[in-house]
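# Chains, contacts and geometry: an overview
Given next are the chains, with one letter for each unit.
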Amino acid sequence: MAAFAILFAFQAIGMTVMGDYMMFVGMLCLSFVLIKDDRIKEMIASNICLAVVILTLWFSEHTFHYIQNTGMLLLFIGAMVTAELFGVFWGRKFARNQF
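Reading the values: rules and limits
Residues numbered from 1 in each chain as written. Predicted model: local features only at pLDDT ≥ 70, side-chain atom pairs only at ≥ 80, totals over all residues. Heavy atoms only, no water. Helix = DSSP H or I, 4+ residues; strand = E, 2+ residues; numbered from the N terminus. Buried < 20%, exposed > 50% of the residue type's maximum accessible area, 1.4 Å probe, protein only. Contact = heavy atoms within 4.5 Å. Axes fitted to C-alpha atoms, helices over the stretch in contact; angles between N-to-C directions. Parallel < 35°, antiparallel > 145°, perpendicular 65-115°, else oblique. Left-handed = near helix turned anticlockwise from the far one by under 90°. Core = buried A, V, L, I, M, F, W, Y, C linked by side-chain atoms within 4.5 Å.

## Description of unusual backbone geometry
- Non-glycine residue Asp38 carries a positive phi angle of around 60°.
- Here Asp38 lies in the loop between helix H2 (16–36) and helix H3 (40–59).
- With a relative accessible area of 61%, Asp38 lands in the exposed category.

## Some details on the environment of Phe76
- Note on placement: Phe76 falls in helix H4 (residues 70–98).
- For Phe76, a relative accessible area of 5% gives the class buried.
- Separated by ten residues in the primary sequence, Phe76 and Tyr66 have C-alpha atoms spaced 8.8 Å apart.
- For Phe76, the residues in contact, after removing those within four places along its chain, are Asp20, Phe24, Ile54, Leu57 and Ile67.

## Concerning the packing of helix H1 (residues 2–12) against H3
- For the pair H1 and H3, the least separation of the axes is 10 Å and the interaxial angle reads 40°. With respect to each other, H1 and H3 are oriented oblique. Our pair here, H1 against H3, has a crossing hand that is right-handed. Counted together, Ala3, Phe4 and Leu7 of H1 and Val53, Thr56 and Leu57 of H3 form the full contact between these two elements.

## Topic: the nonpolar core
- Membership of the largest hydrophobic core comes to 18 residues, with the highest contact counts inside it found for Leu7, Val53, Leu57, Tyr66, Phe76 and Met80.
- Among the secondary structure elements, those contributing two or more residues to this core are H1, H2, H3 and H4.
- Discounting chain neighbours no more than four positions away, the residues touching Met80 are Met23, Phe24, Met27 and Leu50.

Rendered as structure tokens:
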């Protein structure tokens, strides 16, 4: 998955926060495009993939060092949900203004 490649690349160069930001911007853009084009099934699939990414980051102790305790887990999930909500609201507004 591209998410793991992005996270691992930024972790390898010591910029884990930048990797987080790239994930949040990616989720914002993805949710915007999917909602704008009224692709609800794809949005659900992206949320399932996001859950897999978060679970992998949570249980990975040797490869990824993003989520190491419960506070970081909640922060990561909260930021992803916030980015997704902004993308959804922005996408709906954009789609509504096109017609």
